[in-house]
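# Chain and residue survey
Residues per chain, in single letters:
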Amino acid sequence: MPTEQMTIYVPPRVKKAIQQLAATKEQSMNTIVVQALELAIAEWTAQNSA
């Protein structure tokens with residue numbers, strides 16, 4: 001899958017939550033963010049295609 005770099009700015013509590021989740025799952029913060037975005041996009045697409 002091709003990837004592109006993107007910079008996003010998040011509130012400190014969001015960053016902290018992402019860091020904790022990444023540590024728990026032993027994955028990178030980028031991986032957690034991408035997974036979250038993919039889930040959100042899938043949910044949004046399902047809602048808007050109905």
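Rules used in this analysis
Numbering of residues starts from 1 in every chain and runs along the sequence as written. In keeping with the predicted nature of the model, local features appear solely for residues at pLDDT of at least 70, side-chain atom pairs appear and are counted solely at 80 or more, and the whole-chain, interface and lining totals rest on all residues. Where side-chain values are given, they derive from all heavy atoms of the structure, hydrogens and water being excluded. By definition, any uninterrupted DSSP run of H or I lasting at least four residues is a helix, any uninterrupted run of E lasting at least two residues is a strand, and each is numbered from the N terminus. Each residue's exposure class comes from its accessible area (1.4 Å probe, protein chains only) as a fraction of the maximum for that residue type: buried when under 20%, exposed when over 50%, partly exposed otherwise. The convention is simple: Lys and Arg are positive, Asp and Glu are negative, and His and the chain ends are not counted. To locate a charge, take NZ of a lysine, CZ of an arginine, CG of an aspartate or CD of a glutamate.

## Some details on the overall build of the protein chain
Scanning the protein chain from N- to C-terminus turns up 2 helices and 0 strands. Dimensions along the principal axes, computed over C-alpha positions, put the protein chain at roughly 35 × 25 × 20 Å. Burial status across the protein chain gives 6% buried among its 50 residues. Averaging the positions of the 4 positive and the 4 negative side-chain charges in the protein chain gives two centres separated by 15 Å.

## Some points on the environment of Glu4
Following the sequence through the fold, Glu4 ends up in the segment before α1 (12-25). Judged by its relative accessible area of 78%, Glu4 is exposed. Linking Glu4 and Gln35, residues 31 residues apart in sequence, is a C-alpha distance of 15 Å.

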